[in-house]
Structure formats: C-alpha cells, structure tokens
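Topology and contacts: notes
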Protein chains: 2
Amino acid sequence: MTETVLRERRRRQTEREIGDAALLLFEQQGVDGTTVDDIARAAGVSARTFFRYFPSKERAALVPHTELDERVEEMLDGLVADRPLLEQLEEVWCEILVALDDGRSEPGRLLLRVRRLMRSEPALRLAAIGYDEERVDALVERLRVLLGVDDDLGPRLAVTTAAVVVGVALDRWADARDAGRPVDLLATYAEARRLLRESVSP
Amino acid sequence: MTETVLRERRRRQTEREIGDAALLLFEQQGVDGTTVDDIARAAGVSARTFFRYFPSKERAALVPHTELDERVEEMLDGLVADRPLLEQLEEVWCEILVALDDGRSEPGRLLLRVRRLMRSEPALRLAAIGYDEERVDALVERLRVLLGVDDDLGPRLAVTTAAVVVGVALDRWADARDAGRPVDLLATYAEARRLLRESVSP
DNA sequence: GCCATGTTGTCATTCACTGCCACACTGGCA
DNA sequence: TGCCAGTGTGGCAGTGAATGACAACATGGC
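Now for a description of the structure that goes with this document. Note that the coordinates shown come from a computational prediction; the quantities given were computed from them, not determined experimentally.

Remarks on the overall build of chain A
When its secondary structure is counted, chain A shows 10 helices and zero strands. Ordered by position from N to C terminus, the α and β elements of chain A give α-α-α-α-α-α-α-α-α-α. For 202 residues, the compact-globule estimate of 2.2 N^0.38 gives 17 Å, and chain A sits close to it at 18 Å. Each of the three principal axes of chain A carries a C-alpha extent, and together these read 55 × 50 × 25 Å.

Structural data, given as structure tokens:
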C-alpha cells in the first residue's frame, strides 16, 4: 500500500520530466520541428514509454494546463444548488488564478509558457481544447445532479461560458506579455467577466 | 475567365463527392475504421488528390459544417457599430438556422448527420472545433475594426459566446433526435439564449 | 498544331501511434 | 535463499496519416 504511493510518486516524476522536456523543445524548435523521439531522448525514456504517459506529443506539453482542470474538479464539491452556477464557477476560477500569482509562482510561470506557446502553435491550442472538451461532460453531469434537474442545458451553458471567459482572459494575458505591455491576470479576468455581462444584457 | 468559373465548379463538385463519401463511410465504419484510401477510392480519386482538397480525413466530413461558417462570414457585412454585438450575431445565427428548416432542407439534413456523428466521434468534434478556431481570429478582427476599438476583448467574447450557445443548441438538437424525442432547433436555440441570460444576470 | 496553366496519379519518405513480446525490477512467501 | 506474481520498460514490426517531388494529362487560348 505504501508501495502504490511510491509508484505513483515515481510516475508523477517521470511525467514531469517528459512534460518539461516537451515544453522546452517546443519552445526551441516548434511543435512540428520536434519528434516524439526527440522528447523521449531528452527525458531519458524510450518513445514507447512516452506513449504510456501521454496519448500524443502535444499533450506532454500541456501538463501545467491539465493541472488547472484537475484543481477545478477538486473544488467542485464546494458548489451549492441555491446560487447561480456561473457565479460560483467564476469564484472557483478566481481562486485558481490567484494561486498563479500573475505568473510569479511556479505553476504560474509554467502556465504562462504554455499559453505563450499556444499562441503560435495551433496544434497545441487544439490539443488543449480537446483535453478540456473531454472533461466537460463529466463536469456538466456532476452539476446536473447537484442541481437535481433532468436537463443539462443550463449546467452545460454555465460550464462552457465560464471556460470561454477564462480562456479569453488567459489568451490576452499571454498576448500582452509577449507584446511587452504586460497586464494583470486577475484584472483581465475581471474585465472579461464585466464585458460578458455587458454583452449579454447591455 | 469563364474558365476559372468552370474550374471552380468542378472543384466544388469533387469536394462534395469526397465529402459525401467520407460522411457515409464514417457513419458506416466509424472514423477510426475508415482510412483515407477508403474515402478516396469511394470518391474515385487518389489519396494524394484527397489531401489536395482536405487537410485531414476528418475535415472531409465537415463540409456541411464549414458551409455554415462561410454563411456567417458573408452575413457579417450587415452588422452595425451602434447595437450590441452579441445580439446581432445571434440574429445572424437565427437566420442561418432558419434555413436549415429543422433538418428538413438539404443543408439541414446534412448538418444533422454531421452533428449526430460528432456525438460518438471525438476526432470529428475536435476537427470541427479546430476549424471554428481558425476562423475566429479573422472574424474578431473584422468586428474590432467595425467597432473602431483597439482592444479586441469585447468582440472576442461576443464571437466565442455566440459560438458556444449555437454549439450547445446544435448538440442538444442532434442528441434529442438520436434519443427519439426530437426537439425544434430554433426553439432550442431560443431556450439556450434564454438560459445564458439567466446564468449571467440571475 | 503548340503552349501555358492547372489537375491528377505514382512514388518515396517521414513520423505519429499501437500491439506484441521479452526482459528487468520489486516485494511477498514458502 | 529461491520461486513467483505484478508492474514498468525497451525493442521491434506494422499501420496509416500527411507531404514533397516528378511526370503525365487535360483544356482553353493562340
């Protein structure tokens, strides 16, 4: 039993090493210019092992991205049925974004590198969207049960809308950094939420 | 000059034939169970030619989907700066959805088949999202210019939000059909818009 | 008939991804 | 101590997506 914990830790370690190697190589040579063999070699594993950790080379660089989603899922237990869903989801995201400390914390730095890369690498962006897409259904289902409704249209709209707003804010955050006029992540997210309200009920 | 028109027509014809073949084969054998060679053979062209028409096998089945986006882009000229963007985009989409006639018109039937397939084929869904993603930037830029603003945060939120709401409605439409209790597409879209308003300003 | 242009097929190549098998490690148990 | 599961890893072969290069072909204009 302590054994499985040890195994898990080892696995996480290897995952991190492969992920780091992938991110670095993508930054240096681009996604298309990097083969799975390159990544595997840099991480000290075989290509075969690489695919035991990640289903595609793009996914390897998305570890910082997937960790955000995992944190969202953990925090979902705190949600209640008698308050607007979107509002609560936004609070969850706020809390997560705060932990990034505008790119100064380690997770923040890593996420910034990934989002920056996503700007110029459509394959990476698509892989990220694909990952999110996979999670949405499970998320929506949980919220549907929480609300005790048959129809998941409401939860689905809340989840996807929340995701869109966060995504837009993160994009702008990375964009502004690259353009040399950095903006604050939380302020950008607040601005995006304000604009959403304004768009929907002008 | 009449020549280029002829060529264009021929090209469209081939595109349609490949697209039809792809859609049919995907329905019959699944996306993973269908190779590019299968599609090309069914359409009477070589695999090399296939890739001169579509960048991936998934894209071939998305012709009905891409035609919607093209129609959106055509109708963008009608937009004005002094009315809420999201509202105008929703009107554009309404007009397009009307033309589908709840799946009774030819484009409607085709789109229904694609959306149905997208439910069970993640690769297809991802390809569709990827296509949309490619168009968003150009769309956002046009709207930014139209509004005469520097910042594209507003237009981007409007475009992506509008897309999310349409996407959710189309999903539910195809879902309900498959489940044997069909719903009206326009009514579903209206319901989705209502729920968005409710979510955002409860 | 001839040329310019665009279209197509064939071939070769790279590379992502998967299944299969053998080998190594580790921790329990006689 | 030696056997024996369970698990992780690498090597290997195979499939199939995607691309570049080149030659053959069709077609409309001269």
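Digging into unusual backbone geometry
Even without a glycine there, the phi angle at aspartate 102 of chain A is positive, about 55°. By the element assignment, aspartate 102 of chain A lies in the loop between α6 (85-100) and α7 (106-120). In this structure aspartate 102 of chain A comes out as buried when scored by relative accessible area, which is 13%. Located in the positive-phi region is aspartate 101 of chain B, a residue other than glycine, with phi close to 50°. Secondary-structure assignment places aspartate 101 of chain B in the loop between α6 (85-100) and α7 (106-120).

Details of the protein's contact with DNA strand C
Around DNA strand C, the surrounding shell holds 16 residues, and the nearest of these are Arg48 of chain A together with Ser46, Arg48, Thr49 and Arg52 of chain B. At the protein interface, 55% of the atoms of DNA strand C within 4 Å belong to sugar or phosphate. Taking threonine 49 of chain B, its side chain carries an N or O atom lying 2.2 Å from a phosphate oxygen of DNA strand C. The set of elements that each furnish at least two residues to the surface near DNA strand C consists of α3 (47-53) of chain A together with α3 (47-53) of chain B. Considering every element that reaches the surface near DNA strand C, the biggest residue donor is α3 of chain B, with four residues. Its residues assigned to classes, the surface near DNA strand C comprises five nonpolar, five polar and six charged.

Side note on the protein's contact with DNA strand D
Near DNA strand D lie 17 residues; those nearest to it are Ser46, Arg48, Thr49 and Arg52 of chain A together with Arg48 of chain B. Each atom of DNA strand D within 4 Å of the protein belongs either to a base or to sugar and phosphate, the latter forming 55%. Within the side chain of serine 46 of chain A, one N or O atom sits 2.9 Å away from a phosphate oxygen of DNA strand D. Within the backbone of lysine 57 of chain B, an N or O atom sits 3.4 Å from a phosphate oxygen of DNA strand D. For the surface near DNA strand D, the secondary structure elements donating two or more residues are α3 of chain A together with α3 of chain B. Ranked by residue count, the leading element in the surface near DNA strand D is α3 of chain A, at four residues. Split into classes, the residues belonging to the surface near DNA strand D amount to five nonpolar, five polar and seven charged.

Points about the side chain of arginine 144 of chain B
Residue and element names in this part refer to chain B. Here arginine 144 lies in helix α8 (residues 122-147). Separated by 2.8 Å, the side chains of arginine 144 and glutamate 141 make a polar contact. Among residues more than four places away in sequence, those in contact with arginine 144 are Val149, Asp150, Asp151, Asp152 and Pro155.

As for the interface of chain B and chain A
Often, the extent of an interface is quoted as the loss of accessible area upon association of its parts. Listed as interface residues are 29 residues of chain B and, on the opposing side, 29 residues of chain A. Interface area, chain B with chain A, both sides summed: about 2600 Å², of which 76% is carbon and sulfur. The three residues of chain B that bury the most area against chain A are Leu153, Leu157 and Val200 of chain B, which together make up 24% of that side's buried surface. Applying the counting criterion to the chain B and chain A interface returns six salt bridges. Applying the counting criterion to the chain B and chain A interface returns four residue pairs in polar contact (both at pLDDT 80 or more).

Regarding α8 of chain B
Residue pairs three or four apart in sequence face the same way in an α-helix, which turns once every 3.6 residues. Residues and elements named next belong to chain B. For α8, which comprises 26 residues, the first-to-last C-alpha distance of 36 Å matches the rise-based estimate of 38 Å (1.5 Å per residue) to within 8%. Along α8, the largest kink reaches about 30° and is centred on valine 136. Taken together, the buried positions of α8 are Leu124, Arg125, Ala127, Ala128, Ile129, Gly130, Tyr131, Val136, Leu139, Val140, Leu143 and Arg144. Once α8 ends, the next one or two residues include glycine 148, with phi positive near 70°.

Some words on the packing of helix α8 (residues 122-147) of chain A against helix α9 (residues 153-178) of chain A
Residue and element names in this part refer to chain A. Look at α8 against α9: their axes get within 8 Å of each other, and the N-to-C directions meet at 145°. The crossing of α8 and α9 is right-handed. Facing α8, whose interface residues are Arg125, Val136, Asp137, Leu139, Val140, Leu143, Arg144 and Leu147, α9 presents Pro155, Arg156, Val159 and Asp171.

Considerations on the relation of the copies chain B and chain A
Mapping chain B onto chain A is achieved by rotating through 180° and translating by 0.0 Å along the same axis, at an RMSD of 0.0 Å. Classification of the inter-copy transformation places it as that of a two-fold axis. Closest approach to the rotation axis among the C-alpha atoms of chain B is made by threonine 161 of chain B, whose C-alpha sits 3.4 Å away. Interface overlap between copies is the fraction of interface residues in one copy that are interface residues in the other; for chain B against chain A it reaches 100%, indicating a shared surface.

Remarks on the pattern of salt bridges
By the definition in use, this model includes 52 salt bridges over all chains. For arginine 194 of chain A, the salt bridge goes to glutamate 198 of chain A, with nearest N and O atoms at 2.8 Å. Within this pair, arginine 194 of chain A and its partner glutamate 198 of chain A are both found in helix α10 (residues 185-200), separated by four residues, close to a single helical turn. Salt bridges here are not isolated pairs; linked through shared partners, they connect Asp137, Asp151, Asp152 and Arg156 of chain A together with Arg172 of chain B.

Cut-off values and rules
Throughout, a residue's number is its position along its own chain's written sequence, starting from 1. Whichever chain is written first is A, and whichever ligand is written first is 1; the rest continue in order. Given that this is a predicted model, residues contribute local features only at a pLDDT of at least 70 and side-chain atom pairs are listed and counted only at 80 or more, while totals for whole chains, interfaces and linings are drawn from all residues. To get the side-chain values, all heavy atoms of the structure are used, and hydrogens and water are removed first. Strands are runs of DSSP state E lasting at least 2 residues, helices are runs of H or I lasting at least 4, and numbering of each runs from the N terminus. For a compact globule the rule gives 2.2 Å times the number of residues to the power 0.38, and the radius of gyration it is set against comes from C-alpha atoms. Between buried and exposed lies partly exposed: a residue is buried under 20% and exposed over 50% of the maximum accessible area for its type, with that area taken using a 1.4 Å probe on protein chains only. In these notes, residues near a molecule or strand are those with any non-hydrogen atom within 4 Å of it. Identification of polar contacts relies on pairs of N or O atoms within 3.5 Å, with a donor-acceptor requirement for protein atoms, meaning one able to donate a hydrogen and the other able to accept it, and with residues adjacent in sequence counted only if both atoms are side-chain atoms. Residue polarity follows a fixed list, in which Ala, Val, Leu, Ile, Met, Phe, Trp, Tyr, Cys and Pro are nonpolar, Asp, Glu, Lys and Arg are charged, and the others, Gly among them, are polar. Note on definitions: a residue-residue contact is assigned when non-hydrogen atoms from the two residues lie within 4.5 Å. A simple way to read buried area is as the amount of 1.4 Å-probe accessible surface that goes missing from two parts once joined, with both sides added. Criterion for a salt bridge: a side-chain nitrogen of Lys or Arg within 4 Å of a carboxyl oxygen of Asp or Glu. Expected helix span is given by 1.5 Å per residue-to-residue step, counting one fewer step than there are residues. Fitting one axis to the seven residues ending at a residue and another to the seven starting there, the bend at that residue is the angle between the two axes. Working convention: axes come from line fits to C-alpha atoms, limited for helices to the stretch in contact. Angles between N-to-C directions cover 0 to 180 degrees. The hand of a helix crossing depends on one turn: near helix anticlockwise from the far one by less than a right angle means left-handed, and clockwise means right-handed. For the least-squares superposition of copies, only C-alpha atoms count, and only for residues with pLDDT at least 70 in both.

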